[in-house]
Structure formats: C-alpha cells, structure tokens
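Structural overview for review
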Amino acid sequence: MIALSDTDSAGIAREFMRARSRAGSPAMGMVMTMVVVADEDDADRAMEMAREASHEHPARVLGVILGDARGDSQVDAQVGTGSGWAGETALIRLTGEVAKHPESVVLPLLLPDSPVAVWWPTDPPADPSTDPLGVLAQRRITDSANVSRGKTRALLGQCHAYTPGNTDLAWTRLTPWRGLLAAALDQHPLKVTAATVVGERGNPSADLLVAWLHNRLKVEVARKISAGPGLTAVELETREGPIRISRPDGRLATYSSPGHPDRPIALRRRDVHELLAEELRRLDEDDVYASVAKSLSKSGAR
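The following refers to the structure shown. Every value quoted in this text rests on a predicted model; they were computed, and no experiment measured them.

**Re the nonpolar core**
- In terms of nonpolar packing, the biggest core is built from 35 residues, with Leu181, Val197, Leu208, Leu209, Leu213 and Leu236 touching the most fellow members.
- If you tally residues by element for this core, the top one is helix H7 (residues 204–217), at 7 residues.
- Listed in part, the 25 residues of the second largest apolar core include Ala90, Ala99, Leu133 and Leu136.

Here's what the structure looks like:
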C-alpha cells in the first residue's frame, strides 16, 4: 500500500495506474466499484470484509472515512493492489470541508461504464438514496443489525426510506431460512394456520421474517424472544402438526415435520463477506424485499 498525504482524486487515480504497471497488469479486469463508508474504528474490519467479497466480484474498492468537517480540507489515502485484493483498493480519509462533500472525491474514481455499490457497515444515513455517496450507486447496502444503537428503530427507518436499489444485510441473512421454509411447504403442501418466529430481542432479521411470513401466508405471526444467537426457531402450525426449524447454537438446525423423524440441517450463521457477495450478485431491485419493507414500514416491528 502506498500512502498519499494531502492528495486529491487525480493523485489517487495516478497511483492506481502506477500500481497496475508495477503489478504488470495495465488492463482493468474489474466489474464494479464498491464504496465502503466507515468510521475510523470500523474501517479495517470493513475493508477486510470487502476484500473477501472482492474475490467473487473483482472490484475497485474505495474505503471512505469521513473525519472532522471543521478546518481546512485534506485528503489522505492508502492506495494499492494485490495483498489478497482481486482488484484495486484505496482507503481515503477526508477531513475539513471536503468531508461534507465526499462525492467530489469519489466520483472521479468510479470505474467507467460499470455499476457502483455503496455499503455502510455500521450506522447508515437516514435515507441512503439521497446521501451524497448513495446517489452515485445502483446498489445501496446497509446493516441494521450492526448499528451502534436502536436496531429495530434503524430497520424501520430503512424500510420507511426504501428506494429501488436499497437492501439490508438483515434481509440477506434470511436467505437460507426462507429457502428451507419454502422447501418445507413444497414437501408438505398443508395450509398454515399460524406461525411463530423466535430470536434475540431487537434482532432485525426476526422482524423481517415475521413480515415476510405474514405477507406470504396471510396468517398471524407471533414474535418470541430467545437468548440467541440471532434467529433460533421458526414454527408453522398446520392441521397435521407443526413444521419447525430450530437452531439453538447458530450452526446446526433440527428440522421437524408431521409424520417424519427429526433430521439435522446445516444452517451456519454466515460471515459478513458472504452476505456482501450474495448482495453483489444482483444489482436489480429485490421485489420481495421491497414488499416486506413496505409492509414493515406500515405496521412497525412487533
């Protein structure tokens, strides 16, 4: 990594060119630009997750740390390639007046004719689609489960501000659960009369799953509290008995259904880089999430 002090967008772009030449790869093989907006304390961890996700989606990754907006503008950066990155990376620190206008630094560094994704690993803006960096992106990724305080309030805020292209990793965490529940009802085509979701207090994924089940099954869905980790159980009531998926340890689940013996199912809690990689596979609108977000925004998390 090459450190640049008191630089600008042109200086960072020139260092990208020099880094590619030193690596013997003058051509760009990257498919997107990913912008990671983090604070100083979380930047290293966030960039590590972005690096792992870039193995599946080679990208120019721009980490942006917004510092104190008082005083004279200054742009400092660390730029490089290699070291486990599938593309190019720059960690950019903005202080002074320029911290109020991060898009002025980031916009010239976006790859031409390729999509842009912006990820806020911790506290997102109230409305990502109107954020100065969010307006540059086709995909805006937040994580209500990782905000500093008020996870349920943060989730409801993101649902209320939903715009096509927005998504939340609390929703992405539900992909295996939704797949198992859909498969269970394919195997047992029974009418569901009620449902229960069990998870940690304030777990945004549990609230989203309640809304999804209510939307799809048109039944009342109870929300119960457990010690975690995360989601621990889902139960669907039918006339022939309950269909239940229970995961008390965050790794292995037990699947129970009427007339069949219980069986174990791998249901590991996934790392953030795996969730990021899943979200970056599609850049169009997630219609199901849009419907769930709209529903949750109207009703509130129970």
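**A word on the packing of H7 against helix H9 (residues 287–299)**
- Packing of H7 against H9 leaves a shortest axis separation of 9 Å and a crossing angle of 100°. By the angle between their axes, H7 is roughly perpendicular relative to H9. Between H7 and H9, the contacting residues are Asp207, Leu208, Ala211, Trp212 and Asn215 on the first element and Val288, Tyr289, Ser291, Val292, Ser295 and Leu296 on the second.
- A breakdown of the residues in the contact of H7 with H9 according to their chemical character gives 7 nonpolar, 3 polar and 1 charged.

**Digging into the sheet that holds strand E9 (residues 192–200)**
- Read across the sheet, 6 strands follow the order E10-E9-E11-E12-E13-E14 without closing on themselves; strand pairing throughout is mixed. Both edges of this open sheet fall to strand E10 (221–226) and strand E14 (260–266), since each of them pairs with a single strand only. The average angle at which neighbouring strand axes cross in this sheet is 15°, direction not considered.
- Bridge count for E9 against E10 is 6 bridges, and the pairing is parallel. Bridging from a neighbouring strand, Glu200 pairs with Ser226 of E10.
- Where helix H6 (residues 175–187) meets the sheet, it contacts E9, strand E11 (231–238), strand E12 (243–246), strand E13 (252–257) and E14, and its direction lies at approximately 20° from that of E11.
- Contacts from H7 reach E9, E10 and E11, with the element oriented near 20° to E11.

Cut-off values and rules
Residues numbered from 1 in each chain as written. Predicted model: local features only at pLDDT ≥ 70, side-chain atom pairs only at ≥ 80, totals over all residues. Heavy atoms only, no water. Core = buried A, V, L, I, M, F, W, Y, C linked by side-chain atoms within 4.5 Å. Buried < 20%, exposed > 50% of the residue type's maximum accessible area, 1.4 Å probe, protein only. Helix = DSSP H or I, 4+ residues; strand = E, 2+ residues; numbered from the N terminus. Axes fitted to C-alpha atoms, helices over the stretch in contact; angles between N-to-C directions. Parallel < 35°, antiparallel > 145°, perpendicular 65-115°, else oblique. Contact = heavy atoms within 4.5 Å. Nonpolar A, V, L, I, M, F, W, Y, C, P; charged D, E, K, R; others polar. Pairing = 2+ DSSP bridges.

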